[in-house]
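Chain and residue survey
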Amino acid sequence: MTGKTHIIGGIAACVVTTRFTSYDPLLLTAAGIFGALLPDICHSGSKIGRKVPLLSKLVSTLFGHRTFTHSLLFLLLIQVLFSLFHLPEEITTGVLVGATSHLLLDAATKNGIKLLYPLQMTFRLPLTVRTGGPAENGILAVLVLLVVYFGQGII
Ligand SMILES: [Zn+2]
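Residues numbered from 1 in each chain as written. Predicted model: local features only at pLDDT ≥ 70, side-chain atom pairs only at ≥ 80, totals over all residues. Heavy atoms only, no water.

Regarding the coordination of the zinc ion
Protein-derived ligands of the zinc ion are Asp40 (OD), His70 (NE2), His102 (NE2) and Asp106 (OD), with the metal-ligand distances lying across 1.9 to 2.2 Å. Angles of 93 to 163° at the metal separate the 4 donor atoms of the zinc ion, which places the site in the irregular class. When the donors of the zinc ion are listed by position in the chain, the intervening gaps give D-x29-H-x31-H-x3-D. Highlighted residues: Asp40 in the loop between helix H2 (25–37) and helix H3 (47–51) and Asp106 in helix H6 (residues 89–107), separated in sequence by 66 residues. An identical accessibility class is assigned to Asp40 and Asp106; each is buried. (Donors = N, O, S within 2.8 Å, 3.2 Å for Na, K, Ca; no water. Tetrahedral: all angles 85-135°; square planar, octahedral: opposite > 155°, others 65-115°. Helix = DSSP H or I, 4+ residues; strand = E, 2+ residues; numbered from the N terminus. Buried < 20%, exposed > 50% of the residue type's maximum accessible area, 1.4 Å probe, protein only.)

Spelled out as structure tokens, the structure:
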């Protein structure tokens, strides 16, 4: 999926999460947007990859695209690292929710993701779309509707 879809996906996931928690919605959502972009650090042309090109190149060289940073192992690493630095729970949860939304959206593409990395098994949802294709715009529209519906009274 494109960066735009990942950002809206992260916002949608956080707005829905806010409905079921007492977290500060703005802090959770800000962290969620970061989390929604973070897995694509493995791609130097991505929104986050362009911000930190050297780190992005290193991650890409070490792991390739949509492998380690698109896995459950990466989510676990985020949890462990953020707890080591004693960051507020809202930030950790927001980043994890955003990153999870990223993995789900990329699993809805034909290339899928290596969810169980280091196992090389590709995981993809039964229905997939082409990144940047017209069907992705449909997904984007649904995500915007989710934000509007669940965001009422929050933002
Ligand atoms: Zn991705």
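Having seen the model, we can carry on.
So, the pattern of salt bridges
Where charged atoms from two side chains of opposite charge come close, those side chains can pair. Under the criterion given, the structure shown has 1 salt bridge. Measuring nitrogen to oxygen at the nearest pair gives 3.3 Å for the salt bridge that ties Arg66 to Asp106. Highlighted residues: Arg66 in the loop between helix H4 (53–63) and helix H5 (72–84) and Asp106 in helix H6, separated in sequence by 40 residues. A single burial state applies to Arg66 and to Asp106, both of which are buried. (Salt bridge = Lys/Arg side-chain N within 4 Å of Asp/Glu carboxyl O.)

Digging into helix H7 (residues 134–151)
Between its first and last C-alpha atoms H7 spans 26 Å; for 18 residues at 1.5 Å apiece the expected length is 26 Å, and the two agree. When H7 is considered as a whole, its buried residues turn out to be Glu136, Leu140, Leu143 and Gly151. With its buried residues spanning 60° around the axis, H7 presents them on a single face. In H7, those exposed residues whose orientation departs by more than 90 degrees from the buried face are Pro134, Leu145 and Tyr149. Where the residues of H7 are buried, they touch helix H1 (3–19) and H6. Directly beyond the C-terminal end of H7, a positive phi value near 85° is found at Gly153. (Expected span 1.5 Å × (residues − 1). Arc of directions from axis to C-beta. Contact = heavy atoms within 4.5 Å.)

Focus on a positive patch on the surface
A cluster of basic residues, Lys4, Lys47, Arg50 and Lys51, forms a positive patch on the protein surface. Broken down by element, the positive patch gets its largest block of residues, 3 residues, from H3. By the secondary structure assignment, Lys51 is in helix H3. Residue classification places Lys51 among the exposed positions, given a relative accessible area of 69%. (Patch = residues over 30% accessible without salt bridge, like charges linked within 9 Å, V, L, I, M, F, W, Y side chains within 5 Å. Areas by Shrake-Rupley, 256 points an atom, 1.4 Å probe, with all protein chains shown as cover. Lys, Arg positive; Asp, Glu negative; His and termini not counted. Charge placed at Lys NZ, Arg CZ, Asp CG, Glu CD.)

Structural notes on unusual backbone geometry
Peptide bonds are trans in most cases, and residues, glycine excluded, mostly fall at negative phi. With an omega of 15°, the peptide bond between Tyr117 and Pro118 qualifies as cis. A positive phi angle, near 60°, is found at Arg66, a position not held by glycine. Located in the positive-phi region is His86, a residue other than glycine, with phi close to 50°. For His86, the position within the fold is in the loop between H5 and H6. Residue classification places His86 among the exposed positions, given a relative accessible area of 70%.

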